[in-house]
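# A structural walkthrough
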2 protein chains.
Amino acid sequence: MHLSSSRTHIVWDRDIPPVLRVSPGQELTVEVADASGGQLTPDSTADDVIAMDFANVNPVSGPIAVEGAEPGDILVVDILDIDVDAWGWTANIPNFGLLADEFPDAHLRISAIANGTVELLPGLSFPCVPMVGTIGVAPPEAGQASVLVPTRWGGNMDIRHIGGGAKLMLPVGVTGALLSLGDTHAAMGDGEVCGTGIETGSTVTMRVDLIKGRELKFPIVETDARAARAGNAVAATGIGPDLMQATKDAASGLVDEIVRRTGLAPIDAYLLASVAADLKISEVVDAPNWVVSMHIERDLLV
Amino acid sequence: MHLSSSRTHIVWDRDIPPVLRVSPGQELTVEVADASGGQLTPDSTADDVIAMDFANVNPVSGPIAVEGAEPGDILVVDILDIDVDAWGWTANIPNFGLLADEFPDAHLRISAIANGTVELLPGLSFPCVPMVGTIGVAPPEAGQASVLVPTRWGGNMDIRHIGGGAKLMLPVGVTGALLSLGDTHAAMGDGEVCGTGIETGSTVTMRVDLIKGRELKFPIVETDARAARAGNAVAATGIGPDLMQATKDAASGLVDEIVRRTGLAPIDAYLLASVAADLKISEVVDAPNWVVSMHIERDLLV
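So, here is what we can say about the structure in this document.

Quick notes on the rules
Residues numbered from 1 in each chain as written. Chains lettered and ligands numbered in written order. Predicted model: local features only at pLDDT ≥ 70, side-chain atom pairs only at ≥ 80, totals over all residues. Heavy atoms only, no water. Helix = DSSP H or I, 4+ residues; strand = E, 2+ residues; numbered from the N terminus. Rg over C-alpha atoms; globule rule 2.2 N^0.38 Å. Buried < 20%, exposed > 50% of the residue type's maximum accessible area, 1.4 Å probe, protein only. Contact = heavy atoms within 4.5 Å. Lys, Arg positive; Asp, Glu negative; His and termini not counted. Charge placed at Lys NZ, Arg CZ, Asp CG, Glu CD. Pairing = 2+ DSSP bridges. Axes fitted to C-alpha atoms, helices over the stretch in contact; angles between N-to-C directions. Buried area = accessible area lost by both parts, 1.4 Å probe. Salt bridge = Lys/Arg side-chain N within 4 Å of Asp/Glu carboxyl O. Polar contact = N/O pair within 3.5 Å; in protein donor to acceptor, adjacent residues only side chain to side chain. Nonpolar A, V, L, I, M, F, W, Y, C, P; charged D, E, K, R; others polar. 1 Å grid on protein atoms, 1.4 Å probe; cavity = no way out; pocket = protein on both sides within 12 Å on 5 of 7 lines; lining within 4 Å. Points joined across faces, edges and corners; volume = space filled by probe spheres on them. Parallel < 35°, antiparallel > 145°, perpendicular 65-115°, else oblique. Left-handed = near helix turned anticlockwise from the far one by under 90°. Phe/Tyr/Trp six-rings, centres within 6.5 Å; stacked < 30°, edge-to-face > 60°. Lys NZ or Arg CZ within 6 Å of the ring centre and 35° of its normal. Least-squares fit on C-alpha atoms with pLDDT ≥ 70 in both.

### With respect to the overall build of chain A
If you tally the helices and strands in chain A, you get four helices and 21 strands. Rg of the C-alpha trace for chain A: 18 Å, near the compact-globule value of 19 Å for 302 residues, within the 12% margin. In terms of overall dimensions, chain A has a C-alpha envelope of 55 × 45 × 35 Å along the principal axes. Within the span of chain A, comprising 302 residues, buried residues form 63% of the whole. Sequence-distant contacts in chain A: of pairs separated by 6 or more residues, those separated by 24 or more amount to 75%. Across chain A, the mean location of the 18 positive side-chain charges is 8 Å away from that of the 40 negative side-chain charges.

### Here we look at the pairing of strand E18 (residues 220–223) of chain B
Residues and elements named next belong to chain B. Along E18, one buried face is formed by Ile220 and Glu222 and the opposite face, lined by Val221 and Thr223, is buried too. Note: strand E15 (residues 167–171) against E18, three bridges, orientation antiparallel. Pairing of Lys167 across the sheet is with Glu222, part of E18. As defined by bridge partners, E18 adjoins strand E19 (residues 233–240) across four bridges and the pair is classed as antiparallel. Each bridged residue has a counterpart across the sheet, and for Thr223 the counterpart in E19 is Ala233.

### With respect to the sheet that holds strand E8 (residues 87–92) of chain A
The strand order E8-E9-E10-E11 (chain A) describes an open sheet built from four strands, whose pairing is antiparallel. Among the strands making up the open sheet, the edge pair consists of E8 and strand E11 (124–127) of chain A. Pairs of neighbouring strands in the sheet enclose a mean axial angle of 25°, with direction left out of account. Here helix H4 (residues 266–276) of chain B sits on the sheet and contacts E8, strand E9 (107–114), strand E10 (117–121) and E11 of chain A; the angle it forms with E8(A), its principal contact strand, is near 120°.

### Considerations on the interface of chain A and chain B
Facing 62 residues of chain A, the contacting portion of chain B comprises 61 residues. Of the roughly 4900 Å² buried between chain A and chain B, counting both surfaces, carbon and sulfur atoms make up 71%. At the junction of chain A with chain B, the criterion picks out two salt bridges. Linking chain A with chain B are twelve residue pairs in polar contact (both at pLDDT 80 or more), by the criterion used here. Those elements giving two or more residues to the side of chain A that touches chain B turn out to be E8, E9, E10, E11, helix H3 (243–262), helix H4 (266–276), strand E20 (277–283) and strand E21 (290–296) of chain A. With ten residues, H4(A) is the largest single contributor of residues to the side of chain A that touches chain B. Classifying every residue of the side of chain A that touches chain B by side-chain character gives 37 nonpolar, 13 polar and twelve charged.

### Here we look at empty space enclosed by the protein
Residue and element names in this part refer to chain A. Scanning all chains against the criterion turns up one cavity of 30 Å³ or more. If you add up the space inside the largest cavity, you get close to 40 Å³. His9, Val11, Trp12, Asp13, Ile16, Pro63, Ala138, Leu178 and Ser180 are the residues that line the largest cavity. Across the lining of the largest cavity, the residue classes break down as six nonpolar, two polar and one charged.

### Some remarks on the packing of H3(A) against H4(A)
All names here are of chain A. Between H3 and H4, the shortest axis-to-axis distance is 9 Å and the interhelical angle comes to 120°. By the criterion of interaxial angle, the relationship of H3 to H4 is oblique. Considering how the two elements wind past one another, H3 and H4 form a crossing that is right-handed. Taken together, the residues of H4 that come into contact with H3 (itself represented by Leu254, Val255, Ile258 and Val259) are Pro266, Ala269, Tyr270, Leu272 and Ala273.

### So, the packing of aromatic side chains
Throughout the structure, instances matching the rule amount to zero aromatic pairs over all chains. The aromatic ring of Trp153(A) is capped on one face by Arg152(A), whose charged end is 4.4 Å from the ring centroid.

### So, the relation of the copies chain A and chain B
Once chain A is rotated about the relating axis by 180° and shifted along it by 0.0 Å, it coincides with chain B to within an RMSD of 0.0 Å. The transformation just described matches what one would write down for a two-fold rotation axis. Of the interface residues in chain A, 98% have counterparts in chain B that sit at the interface too, so the contact is made through matching surfaces.

### Section: the sheet that holds strand E11 (residues 124–127) of chain B
Residues and elements named next belong to chain B. Ordered in space as E8-E9-E10-E11, the four strands form an open sheet in which the pairing is antiparallel. Of all the strands in the sheet, just strand E8 (87–92) and E11 have a single pairing partner and so form its edges. The mean inter-strand angle of the sheet, taken between neighbouring strand axes irrespective of direction, is 25°. Sheet topology note: the strand E10 (residues 117–121)/E11 ladder contains four bridges and is antiparallel. In the sheet register, Glu119 faces E11, and the bridge partner there is Ser125.

### Looking at the pattern of salt bridges
Summed over the entire model, instances satisfying the criterion amount to 19 salt bridges over all chains. Of the charged contacts, one joins Lys212(A) and Asp73(A) as a salt bridge, the two residues approaching to 2.6 Å between their closest N and O atoms. Taken together, the residues Lys212(A) in the loop between strand E17 (202–211) and strand E18 (220–223) and Asp73(A) in the loop between strand E6 (60–66) and strand E7 (74–84) connect sequence positions 139 residues apart. Assessed through its relative accessible area of 5%, Asp73(A) is described here as buried. Glu257(B) serves as the salt-bridge partner of Arg260(B), at 3.9 Å between the closest nitrogen and oxygen.

### Some details on the pairing of strand E19 (residues 233–240) of chain A
Residues and elements named next belong to chain A. The buried fraction of E19 amounts to eight of the eight residues, a majority that puts the element mostly inside the structure. Burial along E19 is two-sided: the face carrying Ala233, Ala235, Thr237 and Ile239 and the face carrying Val234, Ala236, Gly238 and Gly240 are both buried. With seven bridges joining them, E19 and E21 adopt antiparallel strand pairing. Note that in E21 the partner of Gly240 across the bridge is Trp290.

### So, H4(A)
Counting buried positions along H4(A) yields ten of eleven residues, so the element is predominantly enclosed. For H4(A), the full list of buried residues reads Ile267(A), Asp268(A), Ala269(A), Tyr270(A), Leu271(A), Leu272(A), Ala273(A), Ser274(A), Val275(A) and Ala276(A).

### Structural notes on unusual backbone geometry
All names here are of chain A. Residue Pro63 is reached from Gly62 by a cis peptide bond, and omega for that bond is 0°. Not every positive phi belongs to a glycine, and Asn115 is a case in point at roughly 55°. Mapped onto the fold, Asn115 is located in the loop between E9 and E10. In this structure, Asp183 takes a positive phi of about 60° despite not being glycine.

### Quick notes on the environment of Val174(B)
Here Val174(B) is to be found in the loop between E15 and strand E16 (179–185). Counting along the chain gives 31 residues from Val174(B) to Thr205(B), while the straight-line C-alpha distance between them is 24 Å.

### With respect to the side chain of His107(A)
Tracing the backbone shows His107(A) in strand E9. Polar side-chain contacts of His107(A) include one of 2.7 Å to the side chain of Asp268(B).

Given below as structure tokens:
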């Protein structure tokens, strides 16, 4: 099964008809456009950043209907591989980003991506660690919602750990789940502070599956050493407009997940999270919702 | 030079006379009591947690006066080694911790620490990565301030990366700096969600030095692979009662530090932070102030 990057949408809406139907357990490849939707090229300048049509940024490929998915299930997405383009862009977009007041002007850098390395500036290179910035399912509420704002249904979460080898669990909100993804990065830091990573198109190979009849409050990510930098991990998330509440939700979600996997008493899982798990701000620029994730080494939970 | 753990204080106050005087460049060892100040033992139970005298927790050893230190300087502390005790405690303290509503009851676990390993529960072990939870200097304002609340002068920051091999830079607020430290942990997760790590006493070997005439808004940490898990790093911090403002301060501080070390244009440093640096919630339980830190691989900045 293959989905072209020409099959995109730019709002979350449960009424957008699916462009592909897959069965649980099925593997598929999805072409993903870069976050500018092709508006930027390797020859672009800061002027092109200002001239961008922001009504059409962050296109996501989909929706993909999963047979048998119903509200109250969990959609499991295994990211098997992300094959990124040979270049990427990183921009400072006026009035966007964590330090927008400090950096008001448009700015653009084009990176070369080759041999597993990203070169952001001449002589300044670091590993290419591809990840999916936006991946989510249709919300159950009627109407259009911004594709730029993450919610408990996923979307523009910008969790650096959703890379090759990662397993993402999303709550299902509507019949068929209606999965879409886009906004791939060749590299990104936790928080994506200037508002962009190494933005690039890609082909994502993945497998979708279902866990029937298990509610999930917020997405959970299981990642391997490639994406985690510091080894394999399980991460729970909190997503919303208040960083403290998102932090509490991520911690509470990880406690629940530790209990589920180990059978520990919840209070011991809480202590274990305190001494061995890490709170990360995954996304703090996609207003009005922020993403906090809490990560624990997966090998501790067996 | 050696400082005994009997020379402690339990509030920040610029008027507490120093118990030791050192010169810049001098190495010293400091005995640190565990955060209970000896109130808990390996035989303690949850009842002892409730019975603790909280007016006397988190004692810090000091103050240590550094010759020549003046407001507007930076105090540099190299943590050379942390030799922890053979046991530690981890408690859930009622009405304390991120999920206090969810976990209202007192709970205590005693860990054995041996051969570089911490055993929190039978069969549940992980690496011992000692760190200093509380380290700071006297604030310039008159009066007593809680030793439990971190500020821009440091204190109870609970940054997991302040371990052996780390270099900590603190702004100097008063003549002599008046450095104190305590609250060592054999292991802790970013955020210390239940409010305690593997709490243990220790002997800290360190060297103090000065950078004259350089203002620092918030502390900066430079850490090595032992403490960082994912390699060496430089981290800037933001400390205050609003997580979003602390996040902005940490990002802004890291941009400044990247510029200082590399000569990059600030806007490029901002982009680099976005694609290669990580936002971590280091402390979110020492009300009313939280600590956010932003980490970048040190090798990227040479």
